[in-house]
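# Descriptive structure summary
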Amino acid sequence: MKRRDFLKSMGAGLAIGAGFSLEALGNPLANPQAPFDLVAVMGGEPEVMFEKGIAALGGMGRFVKAGQKVVVKPNIGWDKAPELAANTNPKLVGRVVRACLEAGAKEVFVFDNTCDNWQKAYATSGIEKAAKEAGAKVLTGNSEGNYKEVSLPKGKSLKTAKVHEKIMECDVFVNVPILKHHNGAQVTFAMKNLMGIVWDRRYWHRNDLQQCIADMVSFRKPDLNIVDAYRVMKKNGPKGVSLADVSLEKAQILSADIVAADAAAAKIFGAEPQTIGHIKIASEMGLGVMELSKLNIHRMKV
């Protein structure tokens, strides 16, 4: 897809399939000045798009202050190489970690409760290496002893959950999911990525998955969401089968509003946000803004 089509479409939405377009993202900016509610970037490498996007969003210093402890939570669920788009792009994860440290973070932690063997997923994804080289402390997410029982007073299907202790201890929570197809939840973006901070994911699948995804957001919203749409798995998710499942889109969405981030991600995927169960439910629960026309959105190319 040509860059000019991406930018033109940013005035109204996104679509993968018959051409990636951003014309579904809503009306022209009500206020063309930062701080923006959401930034969408296209056309560069993951780390470059992040640098441009976070600058437009007000800089990492808007989210991370000196001396704070930060969790950067990518999707590292699968023993798959970056080209297969099953996990967050390692280049993006490394650059996000560096940005947190550059903003003055005391410590940056990276982990995920993986589906495949965690050592293999961490290594094959390239995320462990990238995160460590950037200065992060990479933790296992696959030890039950690191999870603490919490209550979710606003939850409807999910009333309690065991949550990784670092989520409760950190000052700043940065959510860095990959955008892809999911055969159970339809799609997996920012909200679905929170399944990697809990111990018992099976409960979610047995007890209204879409509602549980939204319920988890009510416990603690990430302070910043960075949706990786550099490579997009369009089918056979969440693990994928082959390169035939993957489309190179070179896009990224950044927002403090997790519902808005997922609404924009849905547009990239070619779906209306209200047709994705957990996005609609989270909006109805007042956890964020699904209606993109109500947001101050900045669209840019690299």
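Residues numbered from 1 in each chain as written. Predicted model: local features only at pLDDT ≥ 70, side-chain atom pairs only at ≥ 80, totals over all residues. Heavy atoms only, no water.

Here we take up the overall build of the protein. A tally of helices and strands in the protein yields ten helices and twelve strands. A buried classification covers 59% of the 302 residues belonging to the protein. The long-range share in the protein, meaning contacts at least 24 apart out of those at least 6 apart in sequence, stands at 71%. When the accessible surface of the protein is split by element, carbon and sulfur atoms take 48% of a total near 11600 Å². (Helix = DSSP H or I, 4+ residues; strand = E, 2+ residues; numbered from the N terminus. Buried < 20%, exposed > 50% of the residue type's maximum accessible area, 1.4 Å probe, protein only. Contact = heavy atoms within 4.5 Å. Areas by Shrake-Rupley, 256 points an atom, 1.4 Å probe, with all protein chains shown as cover.)

With that settled, consider the confidence of the model for the protein. Low-confidence regions, as indicated by low pLDDT, have predicted coordinates that should not be scrutinised in detail. In the predicted model, the protein carries a mean pLDDT of 91, and the fraction of residues at 70 or more is 89%. Every residue in residues 1-20 scores below 50 in pLDDT, and together they form 75 contacts with partners more than four places removed in sequence or on other chains. (pLDDT = per-residue confidence, 0-100.)

To describe a pair of aromatic rings, you give the distance between the ring centres and the angle between the ring planes. Under the criterion given, the structure shown has three aromatic pairs. Aromatic pair Trp118 and Tyr122: ring centres 5.1 Å apart, planes at 80°, arrangement edge-to-face. Here Trp118 and its partner Tyr122 are both found in helix H4 (residues 118-124), four residues apart, which amounts to about one turn of the helix. We classify Trp118 as partly exposed; its relative accessible area is 26%. By relative accessible area, Tyr122 is classed as buried at 0%. Their ring planes at 55° and their centres at 5.3 Å tell us that Tyr147 and Trp199 sit as a pair that is tilted. One end of the pair, Tyr147, is in strand E5 (residues 147-151); the other, Trp199, is in the loop between strand E9 (186-188) and helix H7 (202-206), and 52 residues separate them in sequence. Looking at Trp199, the relative accessible area reads 28%, which means it is partly exposed. Of note, Lys166 hangs over the ring of Phe109, and the distance from its end group to the ring centre comes to 4.2 Å. (Phe/Tyr/Trp six-rings, centres within 6.5 Å; stacked < 30°, edge-to-face > 60°. Lys NZ or Arg CZ within 6 Å of the ring centre and 35° of its normal.)

A few words now on the pattern of salt bridges. The tally for this structure, following the rule as stated, stands at 15 salt bridges. One salt bridge in this structure joins Lys73 and Asp112, with 3.0 Å as the shortest N-O distance. Of the two residues, Lys73 sits in strand E2 (residues 69-74) while Asp112 sits in the loop between strand E3 (107-110) and H4, which places them 39 residues apart along the sequence. The exposure class assigned to Asp112 is buried, which follows from its relative accessible area of 3%. We note a salt bridge from Lys129 to Glu133, for which the minimum N-O separation is 2.6 Å. Linking Lys129 with Glu133, this pair stays in helix H5 (residues 127-134), spanning four residues, or about one helical turn. In terms of burial, Lys129 and Glu133 fall into one category: exposed. Salt bridges linked by common partners bring Glu45, Lys91 and Lys250 together as one network. (Salt bridge = Lys/Arg side-chain N within 4 Å of Asp/Glu carboxyl O.)

Applying the stated rule across the entire model yields one cavity of 30 Å³ or more. As for the largest cavity, its lining consists of Pro82, Ala85, Asn87, Thr88, Asn89, Ile178, Asp228, Tyr230 and Arg231. No other element matches strand E10 (residues 224-233), which puts three residues into the lining of the largest cavity. Split into classes, the residues belonging to the lining of the largest cavity amount to four nonpolar, three polar and two charged. (1 Å grid on protein atoms, 1.4 Å probe; cavity = no way out; pocket = protein on both sides within 12 Å on 5 of 7 lines; lining within 4 Å. Points joined across faces, edges and corners; volume = space filled by probe spheres on them. Nonpolar A, V, L, I, M, F, W, Y, C, P; charged D, E, K, R; others polar.)

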